[in-house]
Every structure is written in structure tokens, then in C-alpha cells.
Amino acid sequence: MKDILIGSCMKLIRKERPHLTDVELEQIEYGLAGVYLSITKLIIIIIVAYLLGIQKECVIFLIMFAILRNNAYGIHATKSWICLITSSVAFLGIPILAMRLAIPFLMKFLLGGMAVVLVYKNSPADTKKRPIINKSKRLRHKILATITAIIYTILSITIKDNFLANCFLMSILLIDIMISPITYRIFKLPYNNYLNYLKDEKGEVVC
């Protein structure tokens, strides 16, 4: 189904935009595949969340996470079934934990502070298929991701609703795992992929 749908879209794009290069077409195809997988994965997760009676909590956490990931980026699974399993565990399991855990103020403060530092240090973490080559773009994403993480940490400490407070904190912690070079190493995926494109004529990296 996926191949048929994406193939049809690519045929239409090639017909309407014949001037596009092979690289641009490859990027568009990759983007379409990502959109398709995200939509189908989201539908499955929401259905399971509904069956578990946590659809509202699941959607809230998904939104918080998506806002932060939009700038922090992070690792992507190499197989769609791996993505579905890991996403289901995270987006169903974390809301359940958030509803039940009572994290002390000091622990939230320490975890939040550590998480913000890691977001600043490691974001944005790109992928081989989506390297963030532009330096100003990388800096903008880093700043926005860090500001978002700081706001999330402050909210996790100040708001009284235990579930929401936990979701804000756990969103940052999950992002930290996804942008960590250790995670990339565990899954044998290249890190800082943009460096492969920033080389001068001598082959030296230019930042």
C-alpha cells in the first residue's frame, strides 16, 4: 500500500516538476515515506490508547513531544516495524507512568537541569537521510530546542497537575535519549551527519 501510494505521488511530481534533480526527488520521496509512516503509526497508537482508556493522555504527551522534537530532531528507526514498536512503548507507556509517578521537587529540578544541558549539547541530532547542513539552521534549532526544554522544565516544577508536570519532564528525557550519540552508537547509525558535507578542497571539515 505504501509503495503504491508513494509511487503514484512521485509519478505526479515528476510529471508536474520535470526540472527537479534526482537528489531533490529523493528528498521528496523520503519525506513522503516519513509522512505516510507517521500517519499510519499515529493511527495505530491512538487506537490502542483508546482501547486502554488513555487516549487523552496519549495525545497530550504526543503534542508535547512533537513540539520539542521539531527542533531537537533525533534518531529514526531503520525499519518501520521497529519504529512502530518503540513508538508504541514510548507513547503508551510514558503517559501511563506519568499518571502514576510522584516525582519529588528536587528530583525534577536535577533531572530537568541535566536534560536541558543535554538538549543544548546534542541538538539538533540529524540523520544520514536528513543532514542539517546549514550552520545557521542548526544554531536556530539548537536555540529553540533549548528554550523549549527550559520552559518544559520550569512547567514541570511549577504546575500542580502531576500528570502534566511529569509529561513535560519526560518529554525532555525521551528527547535526550533520541539525540544522544550513545543511542546512535547502540543502533550503529552515523552521528553528526552534516559534517560529511562540510569539507573543503583538502578534505578537511569546515564548520
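On a predicted model such as this, the values are computed, not experimentally measured, just so you know.

1. Topic: the overall build of the protein chain
Counting its regular elements, the protein chain contains 8 helices and 0 strands. Going from N to C terminus, the protein chain has its helices and strands arranged as α-α-α-α-α-α-α-α. Dimensions of the protein chain, computed from the C-alpha atoms along their principal axes, are close to 55 × 45 × 30 Å. Out of the 207 residues belonging to the protein chain, those deemed buried represent 36%. Long-range contacts, defined here as pairs at least 24 residues apart, represent 74% of the contacts in the protein chain between residues at least 6 apart. Element-wise, carbon and sulfur atoms account for 67% of the exposed surface of the protein chain, whose accessible area totals about 13,000 Å².

2. Some thoughts on the confidence of the model for the protein chain
Confidence in the prediction for the protein chain averages 89 pLDDT; 94% of positions are at 70 or higher. The low-confidence segment residues 200-205, where pLDDT is below 50, has 6 contacts with residues more than four positions distant or belonging to other chains.

3. Considering the packing of helix α3 (residues 55-72) against helix α6 (residues 135-158)
Pairs of packed helices are described in terms of their axes, by the angle between the two and the distance that separates them. Axis separation between α3 and α6 bottoms out at 7 Å; the angle between their running directions is 150 degrees. The angle between α3 and α6 falls in the class roughly antiparallel. Listed contacts from α6 to M64, I67, L68, N70, N71 and A72 of α3 are H141, L144, A145, T148, A149 and Y152. A class-by-class count of the residues in the contact of α3 with α6 yields 8 nonpolar, 4 polar and no charged.

4. Observations concerning the nonpolar core
The tendency in soluble globular proteins is for nonpolar side chains to be buried side by side. Core analysis: the largest hydrophobic core is formed by 35 residues, its most contacted members being F61, F65, F91, I172, L174 and I175. For this core, the secondary structure elements donating two or more residues are α2 (22-52), α3, α4 (80-100), α5 (105-122), α6 and α7 (162-179). Sequence-distant contacts of F91, defined by excluding residues within four places in its chain, comprise I45, C58, F61, L62, F65 and L174. In this structure, I6, M10, L25 and A33 belong to the second largest nonpolar core, which totals 5 residues.

5. A look at α7
With 18 residues, α7 should cover 26 Å at 1.5 Å per step; its first-to-last C-alpha distance of 26 Å lies within 8% of that length. For α7, a buried count of 14 out of 18 residues is recorded, marking the element as mostly surrounded by other parts of the structure. Here α7 starts with a cap whose side-chain oxygen sits 3.1 Å from the backbone nitrogen of F163, and that cap is D161.

6. A closer look at the side chain of S88
Mapped onto the secondary structure, S88 falls in helix α4. There is a polar contact of 2.7 Å between the side chain of S88 and the backbone oxygen of L84.

7. Topic: α2
With 31 residues, α2 extends 45 Å between its outermost C-alpha atoms, agreeing within 8% with the 45 Å of an ideal straight helix rising 1.5 Å per residue. Restricting attention to buried positions, one finds in α2 the residues L25, A33, K41, I45 and A49. Once α2 ends, the next one or two residues include G53, with phi positive near 80 degrees.

8. Remarks on the side chain of S156
As for its position among the elements, S156 is in helix α6. Overall, the relative accessible area of 0% leaves S156 in the buried class. For S156, the contacting residues outside a window of four places in its chain are K108, A165, F168 and L169.

Calculation criteria
- Residues numbered from 1 in each chain as written.
- Predicted model: local features only at pLDDT ≥ 70, side-chain atom pairs only at ≥ 80, totals over all residues.
- Heavy atoms only, no water.
- Helix = DSSP H or I, 4+ residues; strand = E, 2+ residues; numbered from the N terminus.
- Buried < 20%, exposed > 50% of the residue type's maximum accessible area, 1.4 Å probe, protein only.
- Contact = heavy atoms within 4.5 Å.
- Areas by Shrake-Rupley, 256 points an atom, 1.4 Å probe, with all protein chains shown as cover.
- pLDDT = per-residue confidence, 0-100.
- Axes fitted to C-alpha atoms, helices over the stretch in contact; angles between N-to-C directions.
- Parallel < 35°, antiparallel > 145°, perpendicular 65-115°, else oblique.
- Nonpolar A, V, L, I, M, F, W, Y, C, P; charged D, E, K, R; others polar.
- Core = buried A, V, L, I, M, F, W, Y, C linked by side-chain atoms within 4.5 Å.
- Expected span 1.5 Å × (residues − 1).
- Polar contact = N/O pair within 3.5 Å; in protein donor to acceptor, adjacent residues only side chain to side chain.

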